[in-house]
Amino acid sequence: MTENIILSPVPDLSDLASSAVWSVRYRDPSGFDCQLSLESASGVEVLQRAQAALAKLSESGCTPIQISSATNGNTKAESVMCPIHNVPMRQYQKNGRSWYAHRLEDGNWCRGKAHDNR
Ligand SMILES: [Zn+2]
């Protein structure tokens with residue numbers, strides 16, 4: 001068996017090269033939420049196909065789904081996410097100060113900082 005590790009002299013895209021998957025969620029003209037996934041051997045190729053797919057989608061009247069605003073009943077544009085728990089945080093105000101926090105399942109508060117509750 002020969003090991004085929006020797007790389008070609010051209011810039012290598014091996015970090016993109018193992019199967020690349022691209023997916024998009026969109027709403028089609030009749031109102032259905034759809035998901036389209038493209039898979040390709042290289043990231044460059046899948047992005048080219050993605051571009052073509054997006055052009056085709058907007059051509060046929062499909063619109064992108066904005067997940068952040070759609071799932072939230074609040075129409076507030078900005079939502080701050082907790083970097084630890086990846087959940088939306090609420091803004092609280094007291095004594096002229098404001099901060100973001102969310103409640104944990106055990107009843108403690110998290111302000112999005114790792115050492116806050118220790
Ligand atoms: Zn948190």
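For the structure, see preceding data.
One structure accompanies this document, and this report is about it.

About the criteria used
- Residues numbered from 1 in each chain as written.
- Predicted model: local features only at pLDDT ≥ 70, side-chain atom pairs only at ≥ 80, totals over all residues.
- Helix = DSSP H or I, 4+ residues; strand = E, 2+ residues; numbered from the N terminus.
- Contact = placed C-beta atoms within 7 Å.
- Pairing = 2+ DSSP bridges.
- Buried ≥ 20, exposed ≤ 12 C-beta atoms within 10 Å, placed from the backbone.

Notes on the overall build of the chain
Point 1. For the chain, the count of helices and strands is 3 helices and 7 strands.
Point 2. Counted from the first residue to the last, the chain has its helices and strands arranged as α-β-β-α-β-α-β-β-β-β.
Point 3. Residue pairs in contact within the chain that sit at least 24 positions apart in sequence constitute 35% of those at least 6 positions apart.

Remarks on the sheet that holds strand E5 (residues 88–94)
Point 1. Here 4 strands make up an open sheet; going across it, the order is E4-E5-E6-E7 and the pairing antiparallel. The sheet is open, and its two edges are formed by strand E4 (80–81) and strand E7 (109–110), each paired on a single side.
Point 2. One ladder, built from 2 bridges, connects strand E6 (residues 97–103) with E7; its direction is antiparallel. Looking at E7, one finds that Arg 103 is bridged to Trp 109.

A word on the environment of Gln 91
Point 1. Here Gln 91 lies in strand E5.
Point 2. By the C-beta count within 10 Å, which is 12 here, Gln 91 ends up exposed.

Notes on the pairing of E5
Point 1. Sheet analysis places E4 next to E5, joined by 2 bridges and oriented antiparallel. Opposite Met 81, over in E5, you have Pro 88 as the bridge partner.
Point 2. Between E4 and E5, which pair antiparallel in sequence order, lie 6 residues; one of them, Asn 86, sits at a positive phi of approximately 60 degrees.
Point 3. Where E5 meets E6, 5 bridges bridge the pair, whose relative direction is antiparallel. Within E6, the residue paired with Arg 90 across the bridge is Ala 101.
Point 4. Here E5 hands over to E6 after 2 residues, with Asn 95 in that stretch at a positive phi of 50 degrees.

Comments concerning the pairing of strand E2 (residues 33–40)
Point 1. Taken across its 8 residues, E2 has 0 buried, putting it largely on the surface.
Point 2. Pairing of strand E1 (residues 20–27) with E2 involves 8 bridges; the strand directions are antiparallel. Looking across to E2, one finds that Arg 27 is bridged to Asp 33.
Point 3. Counting the residues that bridge the hairpin from E1 to E2 gives 5 residues, and of these Gly 31 lies at a positive phi of roughly 100 degrees.

A short note on the sheet that holds E1
Point 1. A sheet is described by the order of its strands in space; here 3 strands give the open sequence E2-E1-E3, paired in antiparallel fashion. Only two strands of the sheet have a single partner each, and these edge strands are E2 and strand E3 (63–64).

Some details on unusual backbone geometry
Point 1. With a phi close to 60 degrees, Asn 86 is a non-glycine residue in the positive phi region.
Point 2. By the secondary structure assignment, Asn 86 is in the loop between E4 and E5.
Point 3. Although it is not a glycine, Asn 95 adopts a positive phi angle of roughly 50 degrees.
Point 4. Residue Asn 95 is classed as exposed on the basis of its C-beta count, with 5 C-beta atoms lying within 10 Å.

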